Amino acid sequence: MIIIKSPTEIVLMRQAGAILAEALARVRAAVRPGVSTAELDAVAEEAIRSAGANPTFLGVIQHPRQMPFPATITASINEELVHGIPGSRGLREGDIVSIDCGVTYQGFVADAAFTVAVGAVAEETQRLIHVTEQSLWEGIEKMRLGNRTGDVSFAIQRHVEKHGYSVVREYTGHGVGRTMWEQPQVPNYGVAGRGPLLRPGMTIALEPMVNMGTAATKVLPDQWTVATADGKLCAHFEHSIAVTKNGPLVLTLP
Ligand code: MG
Ligand code: MG
């Protein structure tokens, strides 16, 4: 079942999104060679709690074998794609890091992510980051009345594959609202004209995950971190978006 949000609820989700955007901006500003992902996590947690909100990811369990997620952000370095656990590992010049974070505020969740270069990186690495972010905006642009989720999925996939990269299949965009995962699932690949019709009040987290090599991924022994199967680089961008009569409203912008 797809849960439609009232205009009042969308205002609350926008507030959650603004808090998240500020937290992510502070994390981005703190990314530099030598900083640890645990330090970045502390930056995010402080920003969220000082705004009167809560970190959504803290304590999440996806399946019974996992320990509850122990942090505010996920921090995934280089060939790591998503769900990396922050720790003492320091970022190095030339790395890329993907930061994902959720905020719960007044009972509503916002979910967003970005990938950023640590200092100078190879031109092809910068291109991967750019194409992934662009593919998110290609998808957002399709979040209009009259379109279906398949139109969004197709636009993302087309943009990614046009640039010679692969779309991850195992993880998808998703509805977001009072919980972090609602219907519908919105894969980053698909067929235009298929899937649920977009209606005003639908709120969806779109999150293209893009691999430089093959699409395959694997879960590391910590049971959380997802990495590319071939060890090549990958990138991840995410925004939470409301479908409105006036077009897509990006909830997780500053
Ligand atoms: Mg996320
Ligand atoms: Mg998400």
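Criteria and cut-off values
- Residues numbered from 1 in each chain as written.
- Chains lettered and ligands numbered in written order.
- Predicted model: local features only at pLDDT ≥ 70, side-chain atom pairs only at ≥ 80, totals over all residues.
- Heavy atoms only, no water.
- Donors = N, O, S within 2.8 Å, 3.2 Å for Na, K, Ca; no water.
- Helix = DSSP H or I, 4+ residues; strand = E, 2+ residues; numbered from the N terminus.
- Buried < 20%, exposed > 50% of the residue type's maximum accessible area, 1.4 Å probe, protein only.
- Contact = heavy atoms within 4.5 Å.
- Axes fitted to C-alpha atoms, helices over the stretch in contact; angles between N-to-C directions.
- Parallel < 35°, antiparallel > 145°, perpendicular 65-115°, else oblique.
- Left-handed = near helix turned anticlockwise from the far one by under 90°.
- Salt bridge = Lys/Arg side-chain N within 4 Å of Asp/Glu carboxyl O.
- Core = buried A, V, L, I, M, F, W, Y, C linked by side-chain atoms within 4.5 Å.
- Phe/Tyr/Trp six-rings, centres within 6.5 Å; stacked < 30°, edge-to-face > 60°.
- Lys NZ or Arg CZ within 6 Å of the ring centre and 35° of its normal.

**Some points on the coordination of the magnesium ion (ligand 2)**
Then step 1. At the metal site, the magnesium ion (ligand 2) is ligated by D111 (OD), H174 (NE2), E207 (OE) and E238 (OE), and these contacts range over 2.1 to 2.2 Å.
Then step 2. Going along the chain, you hit the donors of the magnesium ion (ligand 2) in the pattern D-x62-H-x32-E-x30-E.
Then step 3. A gap of 3.2 Å separates the magnesium ion (ligand 2) and the magnesium ion (ligand 1), which D111 links by coordinating each metal. Here H174 is found in strand β7 (residues 173-175), whereas its partner E238 is found in the loop between β13 (234-236) and β14 (239-244), with 64 residues between them in sequence. Across the pair, exposure class does not vary: H174 and E238 are buried alike.

**Some thoughts on the coordination of the magnesium ion (ligand 1)**
Then step 1. Those donors, D100 (OD), D100 (OD), D111 (OD) and E238 (OE), are the protein atoms that reach the magnesium ion (ligand 1), and they lie 2.0 to 2.5 Å from it.
Then step 2. Between consecutive donors of the magnesium ion (ligand 1), the numbers of intervening residues give the motif D-x10-D-x126-E.

**Observations regarding the environment of E207**
Then step 1. Here E207 is to be found in the loop between β9 (203-206) and β10 (209-211).
Then step 2. For E207 and H236, which are 29 residues apart along the polypeptide, the C-alpha to C-alpha distance reads 6.7 Å.
Then step 3. Residues in contact with E207, not counting those within four places in the same chain, are D100, D111, T172, G173, H174, N188, H236, F237 and E238.

**Some words on the packing of helix α1 (residues 7-30) against helix α2 (residues 37-50)**
Then step 1. Following both chains from N to C, one finds α1 and α2 inclined at 150°, their axes separated by 9 Å at the closest point. One way to sum up the angle between α1 and α2 is to call them roughly antiparallel. Helix-helix and strand crossings are classified by hand; for α1 and α2 the assignment is right-handed. Contacts between α1 and α2 pair I19, A23, R26, V27 and A30 from the former with L40, V43, A44, A47 and I48 from the latter.

**Side note on the pattern of salt bridges**
Then step 1. The tally for this structure, following the rule as stated, stands at six salt bridges.
Then step 2. Note that K5 is salt-bridged to E182, the shortest N-O span being 2.6 Å. With K5 in the segment before α1 and E182 in strand β8 (residues 182-186), the pair connects residues that are 177 residues apart, well separated along the chain. Pair check on accessibility: K5 and E182 agree, each one buried.
Then step 3. Measuring nitrogen to oxygen at the nearest pair gives 3.8 Å for the salt bridge that ties R178 to E9. Here the residue R178 occupies a position in the loop between β7 and β8, and E9 occupies one in helix α1, the gap between them amounting to 169 residues.

**Considering the nonpolar core**
Then step 1. Counting 53 residues, the largest nonpolar core has L40, L91, V97, I99, V103, M143 and L206 as its most contacted members.
Then step 2. No other element matches the seven residues that α1 contributes to this core.
Then step 3. Once residues lying within four places of it in the same chain are set aside, the contact partners of V97 are V31, A75, S76, I77, L91, F114, T115, V116 and V118.
Then step 4. In terms of nonpolar packing, the next biggest core, distinct from the first, is built from 14 residues, A71, F108, V176 and A242 among them.

**Side note on the packing of aromatic side chains**
Then step 1. Counted under the stated rule, the structure contains one aromatic pair.
Then step 2. For the ring pair F69 and W224, a centre distance of 5.0 Å and an interplane angle of 75° mean the geometry is edge-to-face. Here the residue F69 occupies a position in the loop between β1 (54-55) and β2 (73-77), and W224 occupies one in the loop between β11 (217-219) and β12 (226-228), the gap between them amounting to 155 residues. One exposure class covers both F69 and W224, and it is buried.
Then step 3. Lying across the ring of F114, R28 places its NZ or CZ 4.3 Å from the centre.
Then step 4. Taking NZ or CZ as reference, R169 lies 4.5 Å from the ring centre of Y189, over its face.

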